[in-house]
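Structural overview for review
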Amino acid sequence: MVPDERAVGVTRLINRRPHAVEIGGTWLAREAQRTGINREAKLLLLTYAFEELGVARVEFLTDARNQQSRDAIEGIGAT
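From a predicted model like this one, the values you see are computed outputs, not experimental measurements.

What follows concerns the overall build of the protein. Regarding its fold elements, the protein presents two helices and three strands. Considering only C-alpha atoms, the protein reaches an extent of 35 × 30 × 20 Å along its principal axes. In the protein, which comprises 79 residues, the share counted as buried stands at 23%. Looking at the protein alone, contacts between residues at least 24 apart form 44% of all its contacts between residues at least 6 apart. Split by element, the accessible area of the protein, about 5,900 Å² in all, is 50% carbon and sulfur. Put simply, the protein has 11 plus and 11 minus side-chain charges, and the middle of one group is 7 Å from the middle of the other.

Here is the structure:
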């Protein structure tokens, strides 16, 4: 959230098969991009998936042409 507590985007955690989930479908308003909000959201989802759901694998979904998204995924250490 931005300081005035408006929602600035959305991202999804999808159960695809036993012991694996997918993170994707992220959209952020322009003012929220490159602020760290997306990174924090992804780290919270990763923590939830591994520690609360107990999954063995998290997959990230992004279009091959979306370089900004691919760079963000690599920025948190995912491959």
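Still more ground to cover, so stick around.
It is worth spelling out the sheet that holds strand β1 (residues 9-17) at this point. The three strands are arranged β1-β2-β3 in an open sheet whose pairing can be described as mixed. Looking along the sheet, the strands with just one partner apiece sit at the ends: β1 and β3 (57-60). Across the sheet, the mean angle separating the axes of adjacent strands is 25° when strand polarity is ignored. Relative to β3, strand β2 (residues 20-28) runs parallel, the two being bridged by four bridges.

What follows is about the nonpolar core. It is characteristic of soluble globular proteins that their nonpolar side chains tend to be buried jointly. The biggest cluster of nonpolar side chains holds seven residues, and these are Val21, Ile23, Leu45, Leu46, Ala49, Val55 and Val58. At the level of secondary structure, the elements contributing two or more residues to this core comprise β2 and α1 (37-52). The leading source of residues in this core is α1, at three residues. Among all residues touching Leu45, those that are not within four sequence positions of it are Thr11, Leu13 and Ile23.

Here is what the cut-offs are and how they apply
- Residues numbered from 1 in each chain as written.
- Predicted model: local features only at pLDDT ≥ 70, side-chain atom pairs only at ≥ 80, totals over all residues.
- Heavy atoms only, no water.
- Helix = DSSP H or I, 4+ residues; strand = E, 2+ residues; numbered from the N terminus.
- Buried < 20%, exposed > 50% of the residue type's maximum accessible area, 1.4 Å probe, protein only.
- Contact = heavy atoms within 4.5 Å.
- Areas by Shrake-Rupley, 256 points an atom, 1.4 Å probe, with all protein chains shown as cover.
- Lys, Arg positive; Asp, Glu negative; His and termini not counted.
- Charge placed at Lys NZ, Arg CZ, Asp CG, Glu CD.
- Pairing = 2+ DSSP bridges.
- Axes fitted to C-alpha atoms, helices over the stretch in contact; angles between N-to-C directions.
- Core = buried A, V, L, I, M, F, W, Y, C linked by side-chain atoms within 4.5 Å.

Keep in mind that these numbers describe shape and distance, not what the molecule does.
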